[in-house]
Structure formats: structure tokens, C-alpha cells
Amino acid sequence: MPRWTLLLSFLLLCGSVLGLHADEAGVSDWHKEFVGTPSFVHFGKGPKKSQLFVGTDRNVIAEVKLGSGKVAWRQVLEESDKLRTLKYDDDSLFSISGTHALHARLWNARSGFAQWDMPLNQSESGEEGGFDAVFYGSGVIALVDGERVVNFDASQGTVLWSVARKGYRYRTLTIVEKNLYVVGTTSGSSSPSRVSILVLDLSNGSVKSEYQPPESHVESDSDVFITGREGRSFVVWNNGNCWIHQLAGNEVQVQTFNQLFESGAQVVGVPIPFGDGNSDMILSTGKERLILWDSIGSENDKPVYTLSALSAQQWELLIGAEAHGSRFVARISGTIGQSSADVEVIDVSTKGSVVKTYTVPHNPATSGPIVKAHLHVYKRKDASLGIRLFAITADGSTRLFKEGEVAWSREEALAHVAAAEFVDLPEPSLLSQDRDELDEAPEETASITPLKRFMRRVRTHAVKIQTGLDYIVPAISDLSTSLFVPTTASRTGKIDMFRDPHGVRKLVVFATKSGKVVALDTVYGRTIWERFLEGMELVQIETVRTAVMKVPPLIVVVGKHEKGSAIYRLNALTGAPHALGDSSASAQFPVLEQVIRLPVEEAEERSLPLALVTADRKVMLYPDTAATQAAFEQVRPKFHFYLTEGEGSSRIEGFVVDKADPHSGAYRTKSAWNVQFPEGEKIAAIAVKNAHETVASLGRVLGNRSVLYKYLNPNLLALATLKANGQTSTVVLYLLDTVSGTIRYQASHPGGGASSPAIPSIFVAQSENWVVYSYWNHGPEAASAPVEVDPEDLTSEENGEKKKKRRKRRKAARTLVPDAKEWEIVALEVFENQKPDQKIDGNVLSSYNMQHPHVISQAYVLPHRVTAVGVTNTGAGITTREVLFGLDSGKLYGINKRWLDPRRPVGALSADDKEEGLIAYKAALDFNPREVASYDIDVPGIRHILTTPTSLESTTLVIAYGLDLFFSHRNPSKKFDVLSEDFSYVSLIVTIVVLVIGIWVSKYMMTEVDALSVPPAARKRLGLDTASPSAEPSSSQAPAKPTDKGVFGLPVLNGQYSTQNVAIHSFSLGVCTVVGLACGAWWDESLGWRPRAFALAIAAATLESALEYIARSMLQRETGMESFNNGYTPEHFVSLFGGIAEYIIKWQVWGWMWWTPFSEIEIDVISHREKGFGIMLLSQALRVAALLTSVFNKPLHAKLENSRSVFPYLTDPAETACFYWALGFHLLLSNPISFLAHVTYRSTTQKPYLLPLPPARSDPKPSPRGLLGLPIFDKEHSPQNIAAYAFLLGVVSGVGCALLLFCPSLRGAGVFLAALGVFHTSEYVTTAMYQSRVGLSAFLLDNGREYHLAMIFAMVEYIIERILYPSMKEFTWVNWLAAILVLVSQIVRSSAMITAGSNFSHIIEEEKRSSHKLVTTGIYSVFRHPSYTGFFYWGVMLQFTLANPIAAVGYVIVLRRFFGSRIEYEEMLLKGFFGKEYEDYRKRTWVLIPGL
């Protein structure tokens, strides 16, 4: 056979694919969506339900669903687009935002879409003023930057009028009597300021008046607020006395509260906000609090409601709401230290009636006190009032209380993460620090007797055994699932706080700026523990002890407060404080510049000490113990650190640690070096290198087998600076040695910088010997290539002396990036020497070696703005690293390091380049959606990417955080060291079983073939003689001998060649054929094409087996049950079983291994499956035609033989059919190895795939009454007719099973057809087992005209009613119960026929035979005529499965009448046959048919 034919056959099977399957999304990753801490909150009324809108400190405008707490929609603004105000009215939200450029926007409150966006100019004064807005008529009036009032058209966003007032800081707007009042203070050098009120005409914005009330001197703007409501509004201010001035009144009239109320009254707890922006007031008289409203300034100056005063240990929060024409005030109060709060809601419109009081759960230890709340009063369906409280806690999180219960909570503190750390969990075998394996404290162990302790140990082992069983049972359940359907882990239930075998289960601990520490598990993202540190801004988190024997892992959280810094030691598993000996778990320090984890373990607690650098450049140890000091002394001589003020700083300084101060105990430091960057150059980004990074290789092997040695300096620091150059800027990248202060490399990028001053655009990532950094290219200034400057050109101070050397110019970095405005990424790699196989001079790589490394760099263009950069990290560092980018589009994107290789050659690849595996350079990095780690999830605001290794070298855990949290697994080199999570272990077991069966069958077939060549005498001696080929299937069965018994002791499925076995075998083949076809056509697409192809292969194989037996029977050449096996040689069986084994192994074991040659191969599903299946069907047709025409149509057979030149070595059409059938089988299952092996074997050998046909028992003759003149369907009781009838009945049952499985709307018809096929087949089988004279009539297919009409009527009624009343045919539990009863009825009837044996007959015998006996055992001992009873309920219950009311009633009437007359006549004959014996039997049994 030509080689190109083999190659073409292989290529036709193959095609490559990549990507994430839909069912894999969300399995190993999770996403938490946040909005931030609300600064503005509004309740709205939607078309069907209430709404909650928030504007947050993270510049997010969102709607939060009141029912679930989930985000309905959100708009995330840029970090520079600070949200200034947010107002709600009807279906609109109005916002003003911005820092350098202000924007006014109107949003659709239902969809969240922006209706218009109007840019605004910022204040020229440079002072930040107030922002406010109020909806009026068809417009919205906004106060912008405290100096301008602008009236916008709400529909278009056009400015109707605008008023600017310089020299004022206005804060609030309110409408009184169709005038707009703008309230604020004067600004200027004079102090204190005065309250200023501006009155504008709403129609045109003209100034009616502007005045400052008397006695209105205030210290700050916060001392002024507006209270009351439209028509009666007041301005209140505090300046020692509390003054009140009524708007729209006398401009010079003011009063103090001492004039209105008793002496000593003070304004507290104000304002209480309401929906219109105004407020009521709370006055305190020292003992009680008074709620004031319309009484202010009226003749009847009395409070609406009086609240009792609180003790010093209590706290309170007062909020208000306006709803349904009334105003409500809610008082939230509690006692410090308690985990609950009391709520009292008062209706101030009805003179202070209490609406509701209840207690809500609140734990300040986990979220801090409630600092702000919003009240929502709504009407339920029954017209009663409902109360919602939207609370904001000190940690920034939110929760909704509804009727005293927590409806939901949102962990918005995680939108302000300052630091994060992965924590490894302990091994399951590690014991507790305080308790032993019996969960006993040491004191308890010492107090009990040895006997009690022994009994406890026994109980402990019993519990462990039970726990093991609880694990094994679900595991077995998982193994019992479908062969092709993967199982996914549940996201509910208890979380084991132990390490899993692959090291994927960890904790990720977050420290937030609001003082909260939260630990989440990496498997499901659930909160394990949380803790609130009040008054702290957390800045750093460090793991100081991993999980070791009997001690839990420890973390240290570093925070700062007004007076200095603080450090907290926490148990990483529980969040509980971990005290250090007798001291506290926390410690207070002065302001700390830096906290450094030392690389040495102290002996007492086996934890890593911390070095604390104070503002006066001294180093303190934490914990400061003798063990810690001894550990630090081991590393102090080599301990170096550097300090910088971070981003925006222009210098960086290195230090060494001197001896400790004998008085304070702190270590003194000395300046080792100092780098002052050129004027105007500020640090923009500093790379944070992973301290636990592992380097797998010391060099890089080139294509010519030489090596470039990596410059692996652990003290190398990469940082980028930014220098403004007028309209543009310059980015400079430095590689700095932090021990010597030497600048090893410097590259300048003119035109590089930030896209906007307020948008971070420069990011640096460092790993091993390479650096990746990104920036914005401003375009025109980037015309010249990046310049590498000699590091010694930079001003450097070392030991206080400047070193001047000759300047040098190096070769510019190779780049083809165009001169355009775009986002650029630069990758550089550092080697010890430019020449391969050479290192830096000297035996030791020292920071003081002045020889500079060799740096290769290359620039690329990325079509998206970068917001964060990270690098994957694995345990051994073998896996190719992936650079992860957070994008402004809300995606986490991964780029394999190979695409950012600075050695990518420009132009054509050389042979060495190809050998090294390099990719040709291309400036633009194409955006590949398949590499988006967050796939279709929107993760806006990514600012940090944290990675950690697992026990699997292929897998890195990644957490991206900023606004949201997104966790995922990354496998840059695919999962080469672990089976996939959906790997089917059942498939592996099935593969092993199939291989064992295949070996056994092949061995058996080889024995049969070898036996043919053994002389007869030897065959007899060896026991190899078989039944005569002329044997016919037995139509009767003698009383079963023990060796002949089959299933359940019955003469069926016992390996003998009998009519009942032929019928059962053929029926099963018919069912398998149709079900296989149905599975191949209707199986769920999510399962993929592989299980469907396997189902089609089963269907084709079963069809072939049935047709082969029928054809051989017609030729009188079937030799027994083995004729169903087609007479294949062992070579053919090896080919088939090998194909099945390859099919399962390839896709279930090798399919996810990176090293398999099939890891990127997939088949064109539709075309090849149909081709393979079609080839199998055509081949089978050719095989049957070859068999039949050889006897009944010899001219046609001669034509078939003449066409055998299709393939050499195929000697007859049957061999040709066999060859192509196996070819189609392998094509259907997409087995390239078996496909090629099959073709190659047939091309190189002449061994047949078919055994010779046995001689015919007699001369086969055509049958004039048969189908097409063949001896089939000719009403003769022949093997071929038995097989054909049973096979067709199996097809009918198979159709029913297919409908039952895949067509829920036709399940009733499916049960009907399945039961029909089973009934007729079982009638023949049970009759043939015991009757010596049996024929095709035993199938009961010709069961009378009435029977056929009844079945037709049932189906007609079903079809008509399903068309007219489809809901009537829904398959409910009633139909399922009826289906079960159909099965029970069939079992009853078959059991009756088996029990009666030869005494049973379908036709009533009117004469007693000599062998006739009265059967009263088995099922006959329970009731009489069980076969009639079974058929009665079988027929009736079938109508219930079809939901046929008419047919059901008809069946009951007709069958009862039929069996009534038949039983009466039969019992009359039985009385005559058996006399008193039958009379006695009749008296003690019943007929279970109703009415008989």
C-alpha cells in the first residue's frame, strides 16, 4: 500500500484545538464582586419592587438587589474620576465626579446606562469646594466645586443657566418657595469664615440676594447644615452657641437654642437625612434627647418625641426616612462589647408614635461598630409597614437588616485590600499545639486513669473508622457515576482545614485599609474567619511560621494609627490572637518605616523574627526575646536593607546594621550607599520579587548547545522612574544592587510615561534573571530607540565619595515598535556574560564585583492598558512562567514567557533559533481570548496579582484583587503531572476489564483455530470435539439438570443452543441497536462527541451480530450461539478490542497529559462520525449480501467477487466487508493508531479475518412465501425467524427506551412500546422453555383482532389527546407508579408461566393429558389464575402510563368480561380434571381481578 495513503488516512483523522471547555468554567476559580463602601445611598421605587442605589468611595455607582444583596448593575469609574455626589429621582441618577477634569452624568436607574455625559471645568481657585444637586422640574441643578451652580436639562444634558461665585465655599442646595438657596461659607484669608447664603431665581439663575447672617462666624464648613423641609427650612450653625436662621425669612433674624428652649441645650447627632436632602434635629439637654421638626420657630415650641439619654457604655446612631407622607426616625443603640443592637423606629409625623422596636445581631469584633445607616420604610402587600435598615460598619462592609434579621451582608472591606498573603494549611497528621490525638488537654490526661484513657482511645479509633467510611462511601458513589459524565465538587458543606494531596487548598489572608483581616479558603472562596482591628490602617501582612508539628501557622499584621504603628500576631487557622509567652499578642511601636521578615528561625517558637526599621533609622526586633536576638546575630553581619519613600521619591538609600544600643536595645544602622536620581526624576514603580521563588536552571541552553549563564543576583532590584519633560515624559528602568548600591543597568524610554497623571500606568515585574515592565508611549518623543546608559553615568554616592568615570554608550535595545501612542511592554533578560559558556570574572558572584552583566531587551505593543503585573510561581521552577496582566477592560490576561522572550529574532529563524524553540519577533502582541484567565467574568480595577506554588509543578494559584477578588489556577505548560478533575476512574477500570476480556477471547479463539489442525484422535484425547455442525436449536427443554441451569436456575442463558436463548439474545441485540443509535443522536452535547461515537459503535456491532446469525441460519450454517460472533479470527478480535482500549485510554488517560502526541488532537466530530458509521453499515450490507448471494443469487455473487480488487489480499466480498467494517469502526471512534495498524496489517499479510463457514446441515432452498423469496418471514418455526421476530421486538422496546430516556414529553409512549416488546418476547421465551411443541404463534403477535384493535385504539387516543391537551400527557409520579406496576404485572405473568411449566398453554385444553398436573405451588399458592391477573393489570396500567382515561376504562370493562368468561369455562374443565383437589384449592385462594 502506498505510504502517502497511510499519511492521508492519518491526517484525515486529526485536527488541533485549544481553549477552555464551558463545563470547566467556575470549577477551579471563583469571583467576588464588590462596589466599595457606600458614600451615597438612595432607596428607590422600581416598577415591581424597591431598589437600592449606592455611590461608593471606589468610584462605583451600582444597584444592589434588596432581596439577595447581589449587584444588579454597576458602573466602575476610573480611580481619577472621584465620585463627588450622587442624587436620585424617579428613574434617574445624577452624579458629579472627577479630580483634574469634572464630569456631570445622568444615569438610567433601571439599566445603569449613561444617558448623557457633560464635562465641567474645575475651580480656578484650586480649593476643593462642595458638590450637591437637586432635581427640579425637567432639570437638575448642581453645585460644582463650591463656586458654581449649573442648571442642566435632564433630557439632553445641555446647560440652561450657570452662576459662578468666587470667594465662597458653598456646600448645600435647597429649594424654598420656588427659590434656590445655596448655603456655605465665605473663603479667603480671614478666619474664621462666615455662613453665606446665596438666593437664586429658579427660572433663570439670576441672583436675588447674597448675605451673611449675623453671629455666623464658624471654624469649619462641617459646623453648618440645613434642617426642616420645603416651606420651613432652617440653617443651623455652631460657634460656641447654637444658632438658627430661617430661610425665606428675615435675613438678619437669628436665634439661639437657649432662646427657644431651656438653658444648656446643645445640638447633637445632626443631621438626620431624609429623601429631599434636608434633615431634622436632635437636641440634648444633658439627660434626654429631643426630636424637633415643625415646632422650630413656631408659637408652640415643643419637641415631637423625647429619647432617653444613654450611659457612657452605650452608643447610638440616629437616622431618618420619609415615606408615604410621613417622616420616620430610627434610633440604633447598643452597649459596647455586646453582639447585638436595639432598634427603635418612631413616626415623627404623628407626634412620636413608636412604629417598631426590635434587636438586630451585630458583632463589633468582626466588623466594627455601625458608623452609618439608612432607613427604608415600605408598605407590604397587606398595607402594613415594613422596616429595612441598611447599615455600614467601621470596616467598610454593609449589611441589610429586615424586620430584625440579617437579610444579607456584603464584605465590602475586601474592596480596600492593602496586603494579601497565602497560608499553607497543615497536614492532616499534624496535631494540635495544646491537645493530643484524643483531643485532650495535658491536665485532663494527667487526671484520668489508664483504663479510662484506653477506652477513650478505642472510641477515638472508632470515630476515625466512621470518618473513613464517610469518605469512602461518597468516593464509591462518585465512581458509580456515568462513564463519560464528570462529577464536580460541591461548594457547600464543611471545609477541612487541612492540606490536600496536591497543595491546592490554602488560605488567602487579606489585610484591608479599614483595619479588617479576612481569611478565605482557596477552594470555594468562603470566609473562614474575620477580625476587626479598630482604629488601624493595615499596611502589611507576613507569614512568620508555617504549619509544623503541633503548632499552627502564624501571621503578623502590621498597621498604623495616629500615634504610631502596631503589630498583631494571629493564628492563621482561626484568626485568634497568638500571645508570645506572657506578653500580649499585639505590640505598639513608634512610626515604622519598614518591616522586614528575617531569613532565620528563632528556636523557642520556631517562627521568623521581624526587623522593624523606625523613623530614626534604628532596627528593633519583634519579638524582642533572647532567642530572637541570638537568631538575628547569625545574619546581622550580612543583613542589608534599603529605604525609600516609595512612589514619588527621588532617592533610595541602603543601610547596614551595627551593634545594639545597650540602653534602648535597638540596633544602630549605618548608611552604606545612597542613590539620588536626576532632578525631576521620581520613582514610579518598584518590583516586588517573590522571596520564595525557585530557580530550576543556572543557564539558558542555546540552539548550538552552548549556554548563556543567568545573572542570578538575589540582591538585584528593578525599579522604574518617571521624569516629566513639558508635554511629555521619560521612563527610566534601573537594575540596582541593594547591597553595594551599584546600578547594573539603566534604560531610558523618551516619550514613555503615564496616560494620565492620575492613572497609574507604569508597572514592573521581576523574576529569576528577567524583568518585564509596561508604560504608555506618548508617540512623538519615542522616535529614537530606547537608550541604554552606562550605570556609572548616574550620580552615585558610596561611603560619602563620588566616583567619576568615563561615559559610555551601549548598543540600543533592539525594537521594531512604531512611533505611535500605544501601550508598550519591555522584556529584558540579564546574563553574566555576553559570550556563551562564560561567566563573570571570579569564582563567586559578588555584589561588589564591578563587572556589569549582559542585558538583552525587546519591546512589544499590547492593545490594552495594563493595571497590574504578576508572574506565576511553581515549586521547582521547571514550568514555563507566565506573565499575568490586569487589564483596564476588567480581564486577567496571561502571556507565556516565550512570547516575551527578548531573544526572539527579527526576521527569518535560523536553524539554531528553531532548535532553541524561539519565536520570530513581532512587535504587536495579538490579544488571544483563550488566554484570558477570567474568561467572560468582568473583574474591574485589578491592582495587584499574587501567586503561590502548589505541590503540583504544573499549577500556580493566582489571586487578583483591587476592587473585586478573582481566584484561579494557571497551568502555563498544561497539567502534565496530574489527571484532570473530571477524569473517569470508571473508564480506567473498564479499560482494564476490556483488555482482560480481549486477551481471554483472543486466547480462546486461537485455541479453536489450533484445534482445527489437530488430528481427530488427538482432538478427542484433548477434549476439543464440539457439537455437530448440523445441530439445530432445541425447541423443547427436558427437566433442567444442575449443569444446564442458567439464570435463577431456569433453562435460559445457560450457554446451550436453544430457541429461548436465541430469542433472548436477538431481543437484547435489537434493544442495544436502537438505544445505541438514540444515544449517538440525542446524548447531551455537553458530554462531547466521544460517548456518542461509542454508542454508535455499539449499535453497529449489535446490528452486525443479529444480521450475521440470521443470514447464517438462512444458509443452514449456524452452529450454535457462537454464530452470533460472526466467525471472526483472533486477529479481528484483537483489532476490535485494541480499538476499544485505545479509545478509552487515549481520551481518558492520555488526553490531558502534555507529553502525549494526542494532547492537541481532536476529530472533526460530525463528518468523521457519520463517515465511519456509514462505512460500517454499508460493509455489513455487503457482508450479508455476500453470504446470501453465494447460495440464492450466484450471478450477483460473481459480480461481487469481481469487485474484490478494491484491496489486494482480500480474497472474497465477505473479507472485503469485514475489512471495511473494522475500518469504519476505528474511524468512528477516531483511533488513529488502530486505524493505521488495521490498514498496515491488511497490506502486509494474507491472513483472513474470517473463519471458514461450516458445512450446511442441508441444502438451503429459497422460500416462495418468504421475504424476497428468501427463507425468512415465511411463518416457519426456523432459527432465522425466531431471531428476526425477537430482534424486531427488541427494536420496538429499544424505541420505547429511547423515548423514555431522551424525550420527556413522550415518556408514556416509551413505556408502552418498551412493555409491548418485552411482553411478546417473554411469552415466547417462557413457552419455549417447557413446551415440546412450540411455534412462532408463541410470540402472540397474532393474538386476535380484538387485541390489535385495543392497542391501536390506545395509541390513537394518546396521539389525539396529546395534540389537543398536551398538558394532560405530562409524565408525573402517577405515570411512573403505573410504569412500575406494568413491570410488576409482567413479572407476575411470567412467573406464573414458569411455575406452571409444561402444564401451561395459551389455548385452553379440553382434554386432560397424562402428564397434566394441578399446580398449587409458587405464585399459584397465593392466588388463582396469576397469568390472567398479570395480563389484566399489565393492560390497564399501560393505559395509565399513556394517561388514556377512555382506554383505561375500556380496558377494565373488556378485560374483566373476557377473563370472567374464560376463567368460568376453564374452572369448569379443571373441576372435571381434578375434582375435589381443585375444589379445595379454589376455596383457599382468590382471583385478584376485580369482580371475579
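Summary of the structure given here. (Residues numbered from 1 in each chain as written. Predicted model: local features only at pLDDT ≥ 70, side-chain atom pairs only at ≥ 80, totals over all residues. Heavy atoms only, no water.)

**A short note on the sheet that holds strand S34 (residues 405-410)**
Reasoning step 1: Taken together, the four strands give an open sheet; going across it, the order is S31-S32-S33-S34, and neighbouring strands pair in antiparallel fashion. The open sheet terminates on both sides in strands that have one partner only, identified here as strand S31 (370-379) and S34. If you compare each strand with its neighbour and ignore which way they point, the axes differ by 20° on average.
Reasoning step 2: By the bridge criterion, five bridges tie strand S33 (residues 398-402) to S34 in an arrangement that is antiparallel. Its bridge partner being in S34, Lys402 is matched across the sheet by Glu405. (Pairing = 2+ DSSP bridges. Helix = DSSP H or I, 4+ residues; strand = E, 2+ residues; numbered from the N terminus. Axes fitted to C-alpha atoms, helices over the stretch in contact; angles between N-to-C directions.)

**Notes on the nonpolar core**
Reasoning step 1: Formed by 35 residues in total, the largest nonpolar core has its most connected members in Val1062 and Tyr1324.
Reasoning step 2: The set of elements that each furnish at least two residues to this core consists of helix H10 (1059-1082), helix H11 (1090-1114), helix H17 (1279-1302) and helix H18 (1307-1330).
Reasoning step 3: If you tally residues by element for this core, the top one is H10, at eight residues.
Reasoning step 4: The residues contacting Val1062, other than those within four sequence positions of it, are Tyr1057, Tyr1109, Met1121, Phe1124, Pro1279, Ile1282 and Ala1283. (Core = buried A, V, L, I, M, F, W, Y, C linked by side-chain atoms within 4.5 Å. Buried < 20%, exposed > 50% of the residue type's maximum accessible area, 1.4 Å probe, protein only. Contact = heavy atoms within 4.5 Å.)

**Let's talk about the packing of aromatic side chains**
Reasoning step 1: Per the stated rule, a full pass over the model turns up 26 aromatic pairs.
Reasoning step 2: Members of the aromatic cluster, connected to one another through ring pairs, are Phe632, Phe639, Phe641, Phe655 and Tyr667.
Reasoning step 3: Seen from the ring of Tyr378, Arg388 lies directly overhead, with NZ or CZ sitting 4.1 Å from the centre.
Reasoning step 4: It is Lys897 that lies over the ring of Trp770; its NZ or CZ is 4.9 Å from the centre. (Phe/Tyr/Trp six-rings, centres within 6.5 Å; stacked < 30°, edge-to-face > 60°. Lys NZ or Arg CZ within 6 Å of the ring centre and 35° of its normal.)

**Describing helix H15 (residues 1213-1228)**
For an α-helix the count is 3.6 residues per turn, leaving residues at separations of three or four pointing the same way.
Reasoning step 1: Counted at 1.5 Å a residue, the expected span for H15 with its 16 residues is 22 Å, and the 22 Å between its end C-alpha atoms agrees.
Reasoning step 2: Counted residue by residue, H15 has 15 buried out of 16 residues, so it is predominantly covered. (Expected span 1.5 Å × (residues − 1).)

**Here's the deal with the packing of H18 against helix H19 (residues 1345-1364)**
Reasoning step 1: Between H18 and H19, the least distance of the axes is 11 Å, while the angle of their chain directions is 165°. Between H18 and H19, the angle falls in the class roughly antiparallel. When the axes of H18 and H19 are compared, the crossing they make is left-handed. Two secondary-structure elements touch here, H18 through Gly1308, Ala1309, Phe1312, Leu1316, Phe1319 and His1320 and H19 through Tyr1347, Met1351, Met1355 and Tyr1358.
Reasoning step 2: In the contact of H18 with H19, the residues fall into eight nonpolar, two polar and no charged. (Parallel < 35°, antiparallel > 145°, perpendicular 65-115°, else oblique. Left-handed = near helix turned anticlockwise from the far one by under 90°. Nonpolar A, V, L, I, M, F, W, Y, C, P; charged D, E, K, R; others polar.)

**Comments concerning a nonpolar patch on the surface**
Reasoning step 1: Together, Ile1352, Val1356, Ile1359, Ile1360, Ile1363, Leu1364, Tyr1365 and Met1368 make up an exposed nonpolar region whose accessible area comes to about 800 Å².
Reasoning step 2: Along the polypeptide, Leu1364 turns up in helix H19.
Reasoning step 3: The class of Leu1364 is exposed, set by a relative accessible area of 56%. (Patch = residues over 30% accessible without salt bridge, like charges linked within 9 Å, V, L, I, M, F, W, Y side chains within 5 Å. Areas by Shrake-Rupley, 256 points an atom, 1.4 Å probe, with all protein chains shown as cover. Salt bridge = Lys/Arg side-chain N within 4 Å of Asp/Glu carboxyl O.)

**Some details on the pattern of salt bridges**
Reasoning step 1: Inspection of every chain in the model, using the stated rule, returns 39 salt bridges.
Reasoning step 2: Salt-bridge contacts for Glu79 lead to Arg943; the nearest nitrogen and oxygen are separated by 2.3 Å. Of this pair, Glu79 sits in the loop between strand S5 (71-76) and strand S6 (83-89) while Arg943 sits in the loop between helix H7 (911-916) and strand S66 (944-949), and the two are 864 residues apart along the sequence.
Reasoning step 3: In this structure Glu79 comes out as partly exposed when scored by relative accessible area, which is 36%.
Reasoning step 4: Residue Arg943 is classed as partly exposed on the basis of its relative accessible area, which comes to 21%.
Reasoning step 5: Note that Lys506 and Asp424 form a salt bridge whose closest N and O atoms lie 2.2 Å from each other. Here the residue Lys506 occupies a position in strand S36 (residues 506-512), and Asp424 occupies one in strand S35 (residues 417-424), the gap between them amounting to 82 residues.
Reasoning step 6: Accessibility expressed as a relative area gives 32% for Asp424, which makes it partly exposed.
Reasoning step 7: Overlapping salt bridges bring together Arg700, Glu829, Lys897, Asp901, Arg903 and Glu916 as one network.

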